[in-house]
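Residue-level structure breakdown
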Amino acid sequence: ETCMKIEGACHCGAITYEAVVDPAKVTVCHCSDCQMLSGSAFRTVVPAPKETFTLRTGQPKIYVKTAESGAKRVQAFCPECGTPIYSSAVGDAPVFFIRVGTTRQRAQLRPKSQICAGPRCLGPSIVEQMLLGGVGVEVVPDFPQLFEGRLACGVQQLGVVLGGVFHHHHHLLD
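**Some details on the overall build of the chain**
A tally of helices and strands in the chain yields three helices and twelve strands. When burial is assessed residue by residue, the chain has 44% of its 174 residues classed as buried. Put simply, of all contacts in the chain between residues at least 6 apart along the chain, 60% involve residues at least 24 apart.

Structure below.
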């Protein structure tokens, strides 16, 4: 597997960050919460282990949403321009789900999977299916649990990140 250092920012530049991610874990979610919070038909995210995620400038505003399941999720966004930056668990989050559109490397972070979490999942439209190249949709009860404990791009596996691409052989979703 390949781990990749990414950098990103909000639209106005007040918030900047860096992280190390696995490009094979880029996921599109079609749940109603992602649609509502992104203002679009879906949201594209890439998980980053907390050990690799660093806010370089700015402090995001935090909104805690409660899903239909009762699960609470942090939604972090720029207080100046409103750009969504990431979501995470409440408290000491093990993973940050970075909004791919905020990364400088977004052209290299193409979706590898689609999911639809929750009971009111609307799923992808025909247009979305065409744009995403026929990647199938997996219906899951709780998206964050899909990745917890299964990320290969953590500090233990990478050692020191020196600004490039890393290769690591470990299956994330065994």
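**Here we look at the packing of aromatic side chains**
All told, the structure shown has four aromatic pairs when counted by the stated rule. Arranged with centres 4.6 Å apart and planes meeting at 20 degrees, the rings of Phe53 and Phe96 form a pair that is stacked. Taken together, the residues Phe53 in the loop between strand E4 (43-49) and strand E5 (54-57) and Phe96 in strand E9 (residues 95-99) connect sequence positions 43 residues apart. In this structure Phe96 comes out as buried when scored by relative accessible area, which is 15%. Connected via pairs of aromatic rings, a cluster forms that spans Tyr17, Phe53, Tyr86 and Phe96.

**Topic: the state of the cysteines**
Evaluated as defined, the whole model comprises zero disulfides. Free cysteine: Cys10, not disulfide-bonded; nearest cysteine sulfur from Cys78 at 3.7 Å. The thiol sulfur of Cys81 is not disulfide-bonded, and the nearest other cysteine sulfur, from Cys78, lies at 3.7 Å. Judged by its relative accessible area of 32%, Cys81 falls in the partly exposed class.

**Here's the deal with the pairing of E4**
Along a regular strand, successive side chains alternate from one face of the sheet to the other. Of all seven residues that make up E4, seven are buried, and the element is covered over most of its length. Here E4 shows two buried faces, one formed by Arg43, Val45, Pro47 and Pro49 and the other by Thr44, Val46 and Ala48. Relative to E4, strand E3 (residues 27-29) runs antiparallel, the two sharing three bridges. Bridge pairing links Cys29 to Arg43 in E4.

**Observations regarding the pattern of salt bridges**
Here the structure, examined in full by the defined rule, presents four salt bridges. The partner of Lys50 in a salt bridge is Asp92, with the nearest N and O atoms 2.9 Å apart. Placement of Lys50 in the loop between E4 and E5 and of Asp92 in the loop between strand E8 (84-89) and E9 is noted, with a sequence separation of 42 residues between them. The class for Lys50 is partly exposed, based on a relative accessible area of 32%.

**As for the confidence of the model for the chain**
Chain-level pLDDT for the chain is 77 on average; 66% of the residues reach the 70-or-more range. pLDDT under 50 marks residues 155-174. Its contacts with residues more than four places away, or in other chains, come to 38 contacts.

**What to know about the environment of Arg99**
Take Arg99: it is sitting in strand E9. For the pair Arg99 and Gly8, spaced 91 residues apart in the sequence, the C-alpha separation amounts to 9.3 Å. Apart from the residues within four sequence positions on either side, Arg99 is in contact with Tyr17, Arg43, Thr44, Val45, Gln75, Pro84, Ile85, Tyr86 and Ser87.

**A closer look at the nonpolar core**
Ranked by size, the top nonpolar core spans 20 residues in total, and within it Ile6, Val46, Phe53, Tyr86, Ile98 and Leu109 carry the most contacts. Where this core is concerned, the elements lending two or more residues are strand E1 (2-9), strand E2 (16-21), E4, strand E7 (72-77), E8 and E9. Ranked by the residues each element gives to this core, the list is headed by E2, at three residues. Setting aside anything within four residues of it in sequence, one finds Ile6 in contact with Tyr17, Glu18, Ala19, Val21, Val46, Ile98, Thr103, Gln105 and Leu109.

**Observations concerning the pairing of E2**
Of all the six residues making up E2, five are buried; the element is thus mostly covered by neighbouring parts of the structure. Of the strand pairs in this sheet, E1 and E2 are connected by six bridges, and their pairing is antiparallel. Its bridge partner lying in E2, Lys5 is registered against Val20. Counted along the chain from E1 to the antiparallel partner E2, the turn is six residues long, and its residue Gly13 has a positive phi close to 90 degrees. The sheet contact formed by E2 and E5 spans three bridges and is antiparallel. The residue of E5 that forms the bridge with Thr16 is Thr57.

Quick notes on the rules
- Residues numbered from 1 in each chain as written.
- Predicted model: local features only at pLDDT ≥ 70, side-chain atom pairs only at ≥ 80, totals over all residues.
- Heavy atoms only, no water.
- Helix = DSSP H or I, 4+ residues; strand = E, 2+ residues; numbered from the N terminus.
- Buried < 20%, exposed > 50% of the residue type's maximum accessible area, 1.4 Å probe, protein only.
- Contact = heavy atoms within 4.5 Å.
- Phe/Tyr/Trp six-rings, centres within 6.5 Å; stacked < 30°, edge-to-face > 60°.
- Disulfide = S-S within 2.5 Å.
- Pairing = 2+ DSSP bridges.
- Salt bridge = Lys/Arg side-chain N within 4 Å of Asp/Glu carboxyl O.
- pLDDT = per-residue confidence, 0-100.
- Core = buried A, V, L, I, M, F, W, Y, C linked by side-chain atoms within 4.5 Å.

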